[in-house]
Amino acid sequence: MENQEIYFHTENNQNQQNNSSPNGVNYSAPINNQPIYYIPPVKERKSIKFDKKDTIFTAIFAALSFLMIDFTLLHGLNLGFTISFFALFTVVSAYLFKKENKTSAFSYICGFLSLAGSVTFTVYHDYFINAVMFFIIAGLFTVYTCGLSGTFSNKQGSYKICFDMLSGIFVKPFSNSPEIRNGFKDANKKNGGIKNVFIGIAVSFPVLLVVIPLLISSDEAFGSLMSIVLKSIGKYLVELVISVFVFLYVVFYFIAKRKRLGISTDTRKPYKGFVPKTVSITFLSVISLVYLTYLFSQLAYFFSAFSGILPEGYELTASEFARRGFFEMFAICAINMIIITLVCIFTKRTGKTPVAIKAISSFIMLFSVLLLITSMAKMKLNIEIFGLSKNRIMVCTFMLMMLVAILFYILHIINPKISYMQSIVVICSAIFIALAFSNIDARIAEYNINAYESSKIDTLDVKYLANLSDSSVPYVVELIKSDDKDISLKAQYEIYEKLRFEYYDYDNSDFREYNCSAHTAVSLCKEYYDGLSPDEKKYFDEKLSDDYYEKYYEDEYSNEYYNEYSDSYSDEV
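By convention here, each chain's residues receive numbers from 1 onward along its written sequence. With pLDDT at 70 or above as the cut-off, local features in this predicted model cover only qualifying residues; side-chain atom pairs require 80 or more to be listed or tallied, and sums for whole chains, interfaces and linings still use all residues. Note: side-chain values were computed over all heavy atoms of the structure, leaving out hydrogens and water.

Chemist: Which residues make up the overall build of the protein, and what values do they have?
Modeler: The way it works is that DSSP assigns letters per residue, a run of H or I at least four long becomes a helix, a run of E at least two long becomes a strand, and they are numbered from the N terminus. On a plain count of helices and strands, the protein comes out with 24 helices and three strands. When accessible area is computed with a 1.4 Å probe and restricted to protein chains, residues below 20% of their type maximum are described as buried, those above 50% as exposed, and intermediate ones as partly exposed. Looking at the 573 residues of the protein, the share that counts as buried comes to 40%. Pairs of residues are marked as contacts when any of their non-hydrogen atoms sit within 4.5 Å. Of the contacts formed within the protein by residues at least 6 apart in sequence, a portion of 76% connects residues at least 24 apart. Working definition of accessibility: Shrake-Rupley area with a 1.4 Å probe, residue cover restricted to the visible protein chains. Of the roughly 32,600 Å² that the protein leaves accessible, carbon and sulfur atoms contribute 63%.

Chemist: Help me get a handle on the layout of surface pockets, residues and values and all.
Modeler: Taken as a whole, the second largest pocket spans an internal volume of roughly 1,300 Å³. In terms of lining residues, the second largest pocket is bounded by 40 residues, among which Phe134, Phe135, Ile137, Ala138 and Gly139 are the most central. Every element with two or more residues in the lining of the second largest pocket is listed here: helix 1 (52-72), helix 2 (79-96), helix 4 (127-149), helix 5 (161-170), helix 10 (233-258), helix 15 (390-414) and helix 16 (421-437). Among the elements that make up the lining of the second largest pocket, the one with the highest residue count is helix 4 (11 residues). Think of a 1 Å grid over the protein atoms and nothing else: a 1.4 Å probe that fits but is trapped marks a cavity, an open set flanked by protein within 12 Å on at least five of seven lines marks a pocket, and residues with an atom within 4 Å of a point count as lining. Grid points are joined across faces, edges and corners, and a volume is the space filled by probe spheres set on the points.

Chemist: Can you lay out a nonpolar patch on the surface for me, pointing to particular residues and giving the numbers?
Modeler: Patch membership requires more than 30% relative accessible area and the absence of a salt bridge. Residues of like charge join within 9 Å; the nonpolar side chains Val, Leu, Ile, Met, Phe, Trp and Tyr join within 5 Å. Salt bridges are defined by distance alone: a side-chain nitrogen of Lys or Arg within 4 Å of a carboxyl oxygen of Asp or Glu. Where nonpolar side chains cluster on the molecular surface, the patch consists of Leu225, Val229, Ile233, Leu237, Leu240, Val241, Val244, Phe245 and Leu248 and spans about 790 Å² of accessible area. Where the nonpolar patch is concerned, the elements lending two or more residues are helix 9 (220-231) and helix 10. In terms of residues, the nonpolar patch owes the most to one element, helix 10, which gives seven residues. Note on placement: Leu225 falls in helix 9. Residue class for Leu225 comes out partly exposed when judged on its relative accessible area of 46%.

Chemist: Describe helix 21 (residues 516-530), listing the residues and the values that go with them.
Modeler: Between its first and last C-alpha, helix 21 extends 21 Å over 15 residues, near the 21 Å set by a 1.5 Å rise per residue. Three or more residues of helix 21 are buried, namely Ser517, Ala518, Ala521, Val522, Cys525 and Tyr528. Here the buried residues of helix 21 occupy an arc of 130° about the axis, which is enough to place them on one side. Summarising the geometry of helix 21, the exposed residues directed more than 90 degrees from the buried face are Glu527 and Asp530. An expected span of 1.5 Å times one less than the residue number is assigned to each helix. In this context, the arc is that of the directions from the helix axis out to the C-beta atoms.

Chemist: Outline the confidence of the model for the protein, listing residues and values.
Modeler: The predicted coordinates of low-pLDDT regions are not to be read in fine detail. A residue's pLDDT is the predictor's confidence in that residue, given on a scale from 0 to 100. Of all residues in the protein, 78% have pLDDT values of 70 or greater, and the mean over the chain is 78. For the protein, per-element mean pLDDT is lowest for helix 24 (residues 560-572), which scores 41, and highest for helix 2, which scores 95. Ignoring residues within four places in sequence, the model shows residues 302-316, a span with pLDDT below 50, making 13 contacts including any to other chains. Low pLDDT (under 50) marks residues 555-573, which in the prediction has 31 contacts with non-local residues, meaning those over four places away or in another chain.

Chemist: Lay out the packing of helix 1 against helix 10 with the relevant residues and their values.
Modeler: To define axes, lines are fitted to C-alpha atoms, for helices over the stretch in contact only, and angles between the resulting N-to-C directions are given on a 0 to 180 degree scale. Where helix 1 contacts helix 10, the axes come no closer than 8 Å and their chain directions differ by 140°. On the basis of their axis angle, the class for helix 1 and helix 10 is oblique. Viewed along their axes, helix 1 and helix 10 form a crossing whose handedness is right-handed. Together, Lys53, Asp54, Thr58, Phe61, Ala62, Ser65, Phe66, Met68, Ile69 and Asp70 of helix 1 and Tyr236, Glu239, Leu240, Ile242, Ser243, Val246, Phe247, Val250, Val251, Phe254, Ile255 and Arg258 of helix 10 make up the contact between the two elements. Here the residues of the contact of helix 1 with helix 10 are counted per class, giving 14 nonpolar, three polar and five charged. Roughly parallel means an angle under 35 degrees; roughly antiparallel, over 145; roughly perpendicular, 65 to 115; everything else is oblique. It is the rotation of the near helix from the far one that decides the hand of a crossing: anticlockwise by less than a right angle makes it left-handed, clockwise makes it right-handed. Residues are grouped as follows: Ala, Val, Leu, Ile, Met, Phe, Trp, Tyr, Cys and Pro are nonpolar; Asp, Glu, Lys and Arg are charged; every other residue, Gly included, is polar.

Chemist: Which residues make up the pattern of salt bridges, and what values go with them?
Modeler: Per the stated rule, a full pass over the model turns up 13 salt bridges. A salt bridge links Glu502 to Lys498; the shortest N-O distance between them is 3.4 Å. With a gap of four residues between them, Glu502 and Lys498 both fall in helix 20 (residues 485-502), about one helical turn apart. Judged by its relative accessible area of 43%, Glu502 is partly exposed.

Chemist: Would you mind going over empty space enclosed by the protein in detail, with residue names and values included?
Modeler: Empty space among the atoms becomes visible once a probe the size of a water molecule is rolled across them. Following the criterion strictly, the structure yields three cavities of 30 Å³ or more and no others. What the largest cavity holds in volume is close to 60 Å³. Tyr124, Asp126, Ile129, Leu435, Ala436, Asn439, Ile440, Asp441, Ser469 and Ser471 together form the lining of the largest cavity. Elements supplying a minimum of two residues to the lining of the largest cavity: helix 16 and helix 17 (440-453). Taken together, the residues that form the lining of the largest cavity break down as five nonpolar, three polar and two charged. There is about 50 Å³ of room inside the second largest cavity.

Chemist: So what about the nonpolar core? Which residues, and what values?
Modeler: Note that soluble globular proteins tend to have their nonpolar side chains buried in a common cluster. For our purposes a nonpolar core is just a set of buried Ala, Val, Leu, Ile, Met, Phe, Trp, Tyr and Cys residues, chained together by side-chain atoms within 4.5 Å. With 110 residues, the main nonpolar core has Phe61, Phe254 and Ile495 as its most contacted residues. Among the elements that make up this core, the one with the highest residue count is helix 15 (13 residues). Setting aside anything within four residues of it in sequence, one finds Phe61 in contact with Val91, Val92, Tyr95, Phe247, Val250, Val251 and Phe254.

Chemist: Go over helix 2 with me, naming the residues and quoting the values.
Modeler: Residue pairs three or four apart in sequence face the same way in an α-helix, which turns once every 3.6 residues. With 18 residues, helix 2 extends 26 Å from end C-alpha to end C-alpha; this agrees with the ideal 26 Å at 1.5 Å per step. Along helix 2, the residues that are buried comprise Gly80, Phe81, Thr82, Ser84, Phe85, Leu88, Phe89, Val91, Val92, Ser93, Tyr95 and Leu96. Considering only its buried residues, helix 2 is in contact with helix 1, helix 3 (105-123), helix 4 and helix 10.

Chemist: Describe the environment of Ile83, with residues and values.
Modeler: Summarising the element assignment, Ile83 is placed in helix 2. Residue contacts for Ile83: discarding those within four places in its chain leaves Phe71 and Phe511.

Chemist: Any details on the packing of aromatic side chains? Residues and values, ideally.
Modeler: Aromatic rings from Phe, Tyr and Trp, taking only the six-membered ring of Trp, are treated as a pair when their centres fall within 6.5 Å; an angle between ring planes under 30 degrees marks them as stacked, one over 60 as edge-to-face, and anything in between as tilted. Tallied over the entire structure, the rule returns 23 aromatic pairs. Ring centres of Phe81 and Phe85 lie 6.3 Å apart, and the angle between their planes is 15°; on these two criteria the pair is classed as stacked. Of this pair, Phe81 and Phe85 both sit in helix 2, separated by four residues, roughly a single helical turn. Here Phe81 and Phe85 have matching classes, each one buried. Centre to centre, the rings of Phe81 and Phe121 are 4.5 Å apart; their planes meet at 45°, and the pair counts as tilted. You can see Phe81 sitting in helix 2 and its partner Phe121 sitting in helix 3, a full 40 residues away along the chain. Among the residues examined, Phe81 registers a relative accessible area of 8% and is labelled buried. What makes Phe121 buried here is its relative accessible area of 0%.

Chemist: Hey, could you go over the packing of helix 4 against helix 16 for me, with residue numbers and the actual values?
Modeler: What describes two packed helices is the angle between their axes and the distance between those same axes. At a minimum axis distance of 11 Å, the contact between helix 4 and helix 16 shows a crossing angle of 150°. Seen along the crossing, helix 4 lies across helix 16 with a hand that is left-handed. Contacts between helix 4 and helix 16 involve Ile129, Val132, Met133, Ile136 and Leu140 on the former and, on the latter, Val425, Ser429, Phe432, Ile433, Leu435 and Ala436. A breakdown of the residues in the contact of helix 4 with helix 16 according to their chemical character gives 10 nonpolar, one polar and no charged.

Spelled out as structure tokens, the structure:
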């Protein structure tokens, strides 16, 4: 009788004046001189059954949570992150794998890409790239876990897998937590394992309070080890508290995946939209007409017959062409993808998508492709004039990723049966991971230095190169040997600043903090400084001071003080 509302009449009128029955059942107004009693439904207690594998991996997840916090929270996103992610990947794969789950190749590829992406944290030390890569790894790993556990609610070729990912991360671990908690309680009642573990730990404390001081007094090595532990006890307690919260989330997340909790079994018909076709076609036609007008206006740049479109006396320089309108074009491409997606979702459908909507949508997306190609041409010219920068490389990369997304989206518009999302996720993720492995800061420094030395660009911003990640430092060290006295002095100052503020306390003894590019940069800077004579070091330390910085940098390397200093440096060193 669970979850059923029960009403009953009684012939006994003795309790008609009471508000409730003797046993607490709610009393309602009488009907036909007979009181009605209402028994509320009994709420069903949801629980899941824990097997031996769940129990074992729960303990493993506890240890893994502490390891992830210890390897990343206080040691940065370096080798420790790569190791902890590989450990998480291995444990989760062993926990979620089932022969009956038909995992797609798409999910396995996403898993492989997430592992590849995590390696970049050990090789390079670029904060921006690492931040973007962290979210890409999280998304790819989520796809992998959904595929491995068979918890996709939607087709993997559709944009709706994004909802599966977001729901799996932010909703299902918490919405299914009551069932998981009840499962833990039932398992503990059955064998009392968890309770007994805590009892054993509590009982051991009084014994340890006696034994540990005796061991410390009896052996120097153990005493030294305990002193180190006691010095770090505060740090470990903080890590332990944080890891408890991480452990709870990890357990809820992966148990929900393995038990396939909250998987939608909704068989409702697909959403048919509500916007009339005529409205959608008219809306897209108006947008297309504006884009056609834009294309017509571009003829003014190529044919003299249309030159009257341009303002009187207009002259287009290469730098103006390279700079103007780039980000606006990029924004238009993003807007076009959004409006086409909304039109496809909300247009009323009784069968196939109307040919007119397909045709106009394809034109708008092809127009976006044209804008992207134009933007790439602008950016290429921009780089040739002003040199490489991280912003320019990142913009080019995101443009390429958007171009991939648009092309596959056009194929989907023409033939809705084509699964586009899988290709977009794999190709765009591979593009960014390849970019991360290309060591872009080193490429920026190398390109700009070569372009400056070959007179392709007029200036070389040494400070900008030095403020990139550690990957650019070897090139700045090489600039000290430059025949250009101005460039050489700037490079020396930047290396001095690195040694003074960033690398002076660099310690590579903790393997969790190891990073290949950082290790190389510090080694080269210290090797250069150690190679100076005592007089050179003294002069180096005295002249490259805060006072020197103010006069040297605030006047952009071109003042009388700098000229005097450069001459004196040649004489004294």
